[in-house]
Amino acid sequence: KQEVTQIPAALSVPEGENLVLNCSFTDSAIYNLQWFRQDPGKGLTSLLLIQSSQREQTSGRLNASLDKSSGRSTLYIAASQPGDSATYLCAVGGSGGSNYKLTFGKGTLLTVNP
Amino acid sequence: ETGVTQSPTHLIKTRGQQVTLRCSSQSGHNTVSWYQQALGQGPQFIFQYYREEENGRGNFPPRFSGLQFPNYSSELNVNALELDDSALYLCASSTAVGADTQYFGPGTRLTVL
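Draft legend 1. Examining the state of the cysteines more closely. Enumeration according to the criterion identifies two disulfides over all chains in this entry. Note on cysteine connectivity: C23 of chain A is disulfide-linked to C90 of chain A, with sulfurs 2.0 Å apart. Note on the C23 of chain A and C90 of chain A pair: the S-S dihedral is about -60 degrees, so by sign convention the disulfide is left-handed. Taken as a pair, C23 of chain A in strand β3 (residues 19–25) and C90 of chain A in strand β9 (residues 86–95) lie far apart in primary sequence, 67 residues in all. Covalent S-S linkage joins C23 of chain B and C91 of chain B, the inter-sulfur distance amounting to 1.9 Å. With the S-S dihedral at roughly 70 degrees, the linkage between C23 of chain B and C91 of chain B falls on the right-handed side. Of this pair, C23 of chain B sits in strand β3 (residues 19–24) while C91 of chain B is found in strand β9 (residues 87–94), placing the two residues 68 residues apart along the sequence. Owing to a relative accessible area of 2%, C23 of chain B belongs among the buried residues under this scheme. Assessed through its relative accessible area of 0%, C91 of chain B is described here as buried.

Here is the structure:
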């Protein structure tokens, strides 16, 4: 059974700081990995999708890496802004032959202070 | 291009009642998945529908059931509501059965008293 763990559970940083969020998963036989952002009480916004054959993806100030063999991914946020404050969720796509579902971690609650 | 929409936004029910939640997929998407997100937890997969057929199911009891219609909109039905069913219910649509990029709706907040 796939399990996804995110560390830290919460993070508070001053504006402008670079930061790294961590995600680990137990079953390396995955199809892809996605990072999502969730604002309080809202749905999920996809930030980055990394296919299993890829090592990293970049979008603006965000960079996500994937090391399938070690079961790890990191989300790097450069020059953080107060608007980046949200919960960040890591989700593994398809494992154990189940190519149709995402398995999520519990998320990291990020607060960027002005 | 319209995004994924869900209705209602909020819902309050009492234990033992039945509830129906609705989801309209993003235009051109034929696959819809439903997730349950309890407070402080990550979303958990309930099931997925592809072209009106259930394509996969998570670890949820049979009182959780669904439908997908010819226009690819979808319903989630929960019978015999329990207090632990209180959660944010999210639907997500995609263009492929495989775990491709999924586009999530804003969710329905269900409270069971």
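More follows now that the structure is in view.
Draft legend 2. Inspection of the pairing of strand β7 (residues 62–67) of chain A at higher detail. All names here are of chain A. Pairing of strand β6 (residues 56–59) with β7 involves four bridges; the strand directions are antiparallel. Along β7, the bridge assignment pairs Q57 with A64. Hairpin connection between β6 and β7: a loop of two residues separates the two successive antiparallel strands, and G60 in this loop has a positive phi of roughly 60 degrees. Pairing of β7 with strand β8 (residues 72–77) involves six bridges; the strand directions are antiparallel. Bridge pairing in β8 places L62 opposite I77.

Draft legend 3. Region of the structure containing the sheet that holds strand β7 (residues 64–68) of chain B. All names here are of chain B. Within the open sheet, the four strands sit side by side as β1-β3-β8-β7. Their pairing is antiparallel. Two strands close off the open sheet at either side, each with one partner strand: β1 (5–7) and β7. Each strand axis lies, on average, 20 degrees off the axis of its neighbour in the sheet, ignoring direction. Taken together, the five bridges between β3 and strand β8 (residues 74–78) define a ladder with antiparallel strand orientation. The partner of R22 across the bridge, within β8, is E75.

Draft legend 4. Structural view of the interface of chain A and chain B. Facing 20 residues of chain A, the contacting portion of chain B comprises 24 residues. Of the roughly 1,600 Å² buried at the junction of chain A and chain B (both faces included), carbon and sulfur atoms supply 55%. Run the count over chain A and chain B and you get zero salt bridges. The interface formed by chain A and chain B includes three residue pairs in polar contact (both at pLDDT 80 or more). Elements supplying a minimum of two residues to the side of chain A that touches chain B: β4 (30–38), β5 (44–51), β9 and β10 (98–104) of chain A. The greatest single-element share of the side of chain A that touches chain B, amounting to five residues, is contributed by β10 of chain A. Class assignment for the residues of the side of chain A that touches chain B results in seven nonpolar, ten polar and three charged.

Draft legend 5. Spatial organisation of the environment of T111 of chain B. Residues and elements named next belong to chain B. Checked against the element boundaries, T111 lands in strand β11 (residues 108–112). Taking relative accessible area as the criterion, T111 reaches 29% and is therefore assigned partly exposed. Each C-alpha atom, one on T111 and one on C23, is 18 Å from the other, the two residues being 88 residues apart in sequence. Excluding residues within four positions of it along the chain, T111 makes contact with L11, I12, K13 and S86.

Conventions and cut-offs
- Residues numbered from 1 in each chain as written.
- Chains lettered and ligands numbered in written order.
- Predicted model: local features only at pLDDT ≥ 70, side-chain atom pairs only at ≥ 80, totals over all residues.
- Heavy atoms only, no water.
- Disulfide = S-S within 2.5 Å.
- Helix = DSSP H or I, 4+ residues; strand = E, 2+ residues; numbered from the N terminus.
- Buried < 20%, exposed > 50% of the residue type's maximum accessible area, 1.4 Å probe, protein only.
- Pairing = 2+ DSSP bridges.
- Axes fitted to C-alpha atoms, helices over the stretch in contact; angles between N-to-C directions.
- Contact = heavy atoms within 4.5 Å.
- Buried area = accessible area lost by both parts, 1.4 Å probe.
- Salt bridge = Lys/Arg side-chain N within 4 Å of Asp/Glu carboxyl O.
- Polar contact = N/O pair within 3.5 Å; in protein donor to acceptor, adjacent residues only side chain to side chain.
- Nonpolar A, V, L, I, M, F, W, Y, C, P; charged D, E, K, R; others polar.

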